[in-house]
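# Reading the structure
What follows is each chain in one-letter form.
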Amino acid sequence: MRVFSGIQPTGETHIGNYLGAIKQWVKLQEKHECIFCIVDLHSLTVPYPVGELQKRIKEKTIAYIAAGVDPKKSIIFVQSQVKEHTELTWLLSTVTPLGDLQRMTQYKEKAEKYKKNINAGLLNYPILMAADILLYQTDIVPVGKDQAQHVELTREIARRFNKKFGETFKIPKALLPKAGAKIMSLVKPNKKMSKTDNPQSYIGLFDAPEAIKRKIMAAQTDSEKEIKYDISQKPGISNLLTIYSLFSDISVKKIEKQFKDKGYQFFKEKLAQLLIEKLEPFRRKKKELELRSGYLEKILTEGRKRAQIIAQETMKKVKQKMGL
Ligand code: AQP
């Protein structure tokens, strides 16, 4: 089975990215052929500081490895370095109805958020994502819930292409974690945790202990006292319970019992302690990797070469099928 996934270098990697995507990647690489991409071309669809982009790409490379992706087992590479991604995007755009793109939730949300920059790239984002996935004849796409709709569209595009031009692409499947597929913002627990939001709203994978403590203690909860999972009435505390459960491997039910009558402040203090402890190895690994730029470059060059071989093979087939 081949696995493909990626993260945009739009900001700091947070625990939502980890629990929704990277944690699954680390497991999958033990049994499957995995390809993990830093999707820099996707990140150009929203405003970004040009001078920061390379730094952000480096941060993502470090985040993948520090969180457990093993470059000996998995391919890690930068999307813009394999030109077949953009080439296939154009070809797939000719079999993608405009209406399908306009109804995508992420497009609607981003168009609302960036009213002054509703560029065509924002609309075409899912076609680039389809190209990323289909180029590698992917079987499994481990992602968080917000990306499930894009994987569904990818399947539709592949089916449409195969029907029109003959069997070309594998039909991939999204893989969502059972819990943690949508970690919510600490500030607005009805919204997804997002790296382009206020840093108070997320716990960065490499946040310092003081920052973790400050953010968790300030996390929005309700005016009651009971530590109980109830996503509709108590989204804030439910989100914190999910995070606690996923980092401790203790069920939400058990945690509720453990903290019965203890109050929110006590629970938050314990959660902060847990996160500080669990994220410590990531911070340590990051420090090490930051000093090893040559090693990181080597991984990306190696990854690019390996990715290119597969991508070129698919492109050859696609062009033949389309009569080019
Ligand atoms: N809050 C989340 N909970 C669980 N999974 C999440 N993912 C993102 N946020 C959460 C998953 O992380 C992967 C990388 O996402 P992306 O960089 O492609 O962009 P995104 O999905 O739009 O993530 P962000 O953090 O919200 O980034 P920005 O702010 O740039 O839009 C995906 O698998 C995603 O599902």
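Please read all numbers here as calculations on a predicted model, not as lab measurements.

On to the pattern of salt bridges. Summed over all chains, the structure comprises 23 salt bridges. The salt bridge partner of E84 is K83, with a shortest N-O separation of 3.6 Å. The partner of K215 in a salt bridge is D207, with the nearest N and O atoms 2.7 Å apart. We classify D207 as buried; its relative accessible area is 8%. Salt bridges sharing common partners tie together D100, E152, R155, E156, R159 and R160.

In the region of the ligand, 24 residues are neighbours, and K110, D146, K192, K195 and T196 sit closest. Here an oxygen atom of the ligand and a side-chain polar atom of K110 are 2.5 Å apart. When isolated, the ligand has an accessible area of 630 Å², and the protein chains bury 98% of it. Of all elements in the fold, only β1 (2-7) and α1 (15-28) reach the threshold of two or more residues within the shell around the ligand.

So, on to the domain arrangement of the chain. Per the domain assignment, the segments of the chain are domain 1 (2-181 + 293-322) and domain 2 (206-287). Computed from C-alpha coordinates alone, the two centres of domain 1 and domain 2 are separated by 30 Å. Facing 13 residues of domain 1, the contacting portion of domain 2 comprises 10 residues. Between domain 1 and domain 2, a total of about 990 Å² is buried, with carbon and sulfur atoms accounting for 77% of that surface. Our enumeration of links across domain 1 and domain 2 arrives at zero salt bridges. Between the two partners, domain 1 and domain 2, sit one residue pair in polar contact (both at pLDDT 80 or more). Elements represented by at least two residues in the side of domain 1 that touches domain 2 include exactly α1 and α3 (53-66). It is α3 that contributes the most residues to the side of domain 1 that touches domain 2, five residues altogether.

Rules of the game
- Residues numbered from 1 in each chain as written.
- Predicted model: local features only at pLDDT ≥ 70, side-chain atom pairs only at ≥ 80, totals over all residues.
- Heavy atoms only, no water.
- Salt bridge = Lys/Arg side-chain N within 4 Å of Asp/Glu carboxyl O.
- Buried < 20%, exposed > 50% of the residue type's maximum accessible area, 1.4 Å probe, protein only.
- Near = heavy atom within 4 Å.
- Polar contact = N/O pair within 3.5 Å; in protein donor to acceptor, adjacent residues only side chain to side chain.
- Areas by Shrake-Rupley, 256 points an atom, 1.4 Å probe, with all protein chains shown as cover.
- Helix = DSSP H or I, 4+ residues; strand = E, 2+ residues; numbered from the N terminus.
- Domains from an automatic or database assignment.
- Contact = heavy atoms within 4.5 Å.
- Buried area = accessible area lost by both parts, 1.4 Å probe.

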